[in-house]
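# Working through the structure, step by step
In case you want the letters, here they are:
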Amino acid sequence: MKFASVFVLFFCSTFKKSQGKSKPKPACEYPPLQWCRSLEIAIQCRVQKQCLELNATRPNLPVPRVEVTLYYESLCPDCRAFLTQQLFPTWAMLHDIMDVKLVPYGNAQELPSGNSPFTCQHGEPECHGNMIEACVLHSVGLYSAFPVIYCMESAANVLDAAQPCLQLHVPSMMWDSVTSCVKGELGFKLMHENALKTKALSPAKTHVPWVTINGEYTDDFQDKAMSSLFNLVCRMYKGGKPPACTGAQKKLDRRLC
């Protein structure tokens, strides 16, 4: 509605200035809000110049990226398979048109009290892995943390791989800062936040991995994400498709020795 009001005001002011010079054809059959819908309409209504001026001043509204959120747990075999075989490769190829959110918590339970306020489906090591990944995400953000998490989840032993994966992909971050987060209040705070995010899901989570697309869960989204997340993201994106989606090959400079 705001844009419509601006549109009408723009044309009113434009035509007041141009009275006696050029006026729309009386035979123009279209209402003002449709005059710039196509070149043919603009020509018929004699507003080509005004439409060009309007398009030059109209802000370019970005096309929303496809948001993929994964609710998972660090030692769940199915979660690890989806993250390493579907989510990370798709993000690596389509990060220009998609955003990823990771919520490491899964089927954990938050206890009302005790020295260990969380229990996890695959035991204490999984709680530790969840917290490590939550701390890394919090410290460096998704873009830097995702390669670390992919490295961990691809390894034979997730926990043993954590420190070397961090040193490989984020060498500027000290491992001591991760352990301080995991053992301190921040780690528990991050896990509590992930617990709240997981409990707030509607419909409620019944399994992991649990995947939402643009904040929505459906069985159809889940099935398509499990079989080919790449194709799903390409189909869901409303803007111009990147070459990876269309199968177009990027032309490389020919270099010879």
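What counts, and where the lines are drawn
Residues numbered from 1 in each chain as written. Predicted model: local features only at pLDDT ≥ 70, side-chain atom pairs only at ≥ 80, totals over all residues. Heavy atoms only, no water. Helix = DSSP H or I, 4+ residues; strand = E, 2+ residues; numbered from the N terminus. Buried < 20%, exposed > 50% of the residue type's maximum accessible area, 1.4 Å probe, protein only. Areas by Shrake-Rupley, 256 points an atom, 1.4 Å probe, with all protein chains shown as cover. Pairing = 2+ DSSP bridges. Axes fitted to C-alpha atoms, helices over the stretch in contact; angles between N-to-C directions. Contact = heavy atoms within 4.5 Å. Right-handed = clockwise from strand over helix to strand, strands pointing away. Lys, Arg positive; Asp, Glu negative; His and termini not counted. Salt bridge = Lys/Arg side-chain N within 4 Å of Asp/Glu carboxyl O. Polar contact = N/O pair within 3.5 Å; in protein donor to acceptor, adjacent residues only side chain to side chain. Parallel < 35°, antiparallel > 145°, perpendicular 65-115°, else oblique. Disulfide = S-S within 2.5 Å. Expected span 1.5 Å × (residues − 1). Bend = angle between axes of the 7 residues up to and from the residue.

### Focus: the overall build of the chain
Within the chain, the secondary structure is distributed over 10 helices and 5 strands. When the 257 residues of the chain are sorted by exposure, 41% land in the buried category. Working note: accessible area of the chain is about 15,300 Å², and carbon and sulfur atoms make up 56% of it.

### Observations concerning the sheet that holds strand 1 (residues 66-72)
Read from one edge to the other, the open sheet built from 3 strands follows the order 2-1-5, with strand pairing classed as mixed. Edge positions in the sheet fall to strand 2 (98-104) and strand 5 (210-213), since each has one partner strand and no second. Looking at each pair of strands side by side, their axes are set apart by 15° on average, direction ignored. Looking at chain direction, strand 1 and strand 2 are connected through 7 bridges and run parallel. Its bridge partner lying in strand 2, Tyr-72 is registered against Pro-104. Together, strand 1, strand 2 and strand 5 form the strand contacts of helix 4 (residues 77-94), whose direction differs from that of strand 2 by roughly 155°. Along the sheet, helix 5 (residues 124-154) makes contact with strand 1 and strand 2, crossing strand 2 at roughly 100°.

### As for the pairing of strand 1
Side-chain positions along a regular strand alternate between the two faces of the sheet. Burial of strand 1 is extensive: 6 of the 7 residues sit out of reach of the surface. Taking the sense of rotation as the criterion, the β-α-β connection linking strand 1, helix 4 and strand 2 turns out right-handed.

### Structural notes on the side chain of Lys-205
Residue position: Lys-205 is located in the loop between helix 8 (185-199) and strand 5. Buried within the structure, Lys-205 lacks any salt-bridge partner; Glu-73 is the closest side chain of opposite charge, at an N-O distance of 6.8 Å. Looking at Lys-205, its side chain comes within polar contact range of the side chain of Asn-107, at 2.7 Å. In this view, Lys-205 contacts Gly-106, Asn-107, Thr-198 and Trp-210; residues no more than four positions away in its chain are not counted.

### Observations regarding the packing of helix 4 against helix 9 (residues 219-236)
Taken N-terminus to C-terminus, the directions of helix 4 and helix 9 make an angle of 10°; their axes are 9 Å apart at the nearest point. The orientation of helix 4 relative to helix 9 falls into the category roughly parallel. Within the contact between the two elements, helix 4 uses Phe-82, Gln-86, Leu-87, Thr-90, Met-93 and Leu-94 and helix 9 uses Ala-225, Met-226, Ser-227, Ser-228, Leu-229, Phe-230, Val-233 and Cys-234.

### Details of the state of the cysteines
Tallying each qualifying case throughout the model produces 4 disulfides. Residue Cys-151 pairs covalently with Cys-165 via a disulfide, S to S 2.0 Å. The sign of the -70° torsion about the S-S bond sets the Cys-151-Cys-165 disulfide as left-handed. Here Cys-151 is found in helix 5, whereas its partner Cys-165 is found in helix 6 (residues 158-169), with 14 residues between them in sequence.

### Observations concerning helix 4
Taking 1.5 Å per residue as the helical rise, helix 4 with its 18 residues ought to reach 26 Å, and the 25 Å between its terminal C-alpha atoms agrees with that figure. A bend of about 40° at Leu-83 is the largest found in helix 4. Within the sequence span of helix 4, burial applies to Cys-79, Arg-80, Phe-82, Leu-83, Thr-84, Gln-86, Leu-87, Phe-88, Thr-90, Trp-91 and Leu-94.

### Looking at the pattern of salt bridges
All told, the structure shown has 6 salt bridges when counted by the stated rule. Put simply, Arg-80 and Glu-153 hold a salt bridge, and the shortest N to O gap is 3.4 Å. On the criterion of sequence distance, the pair formed by Arg-80 in helix 4 and Glu-153 in helix 5 is long-range, its members being 73 residues apart. Asp-220 serves as the salt-bridge partner of Lys-224, at 3.1 Å between the closest nitrogen and oxygen. Of this pair, Lys-224 and Asp-220 both sit in helix 9, 4 residues apart, roughly one helical turn. Given the relative accessible area of 30%, Lys-224 is considered partly exposed.

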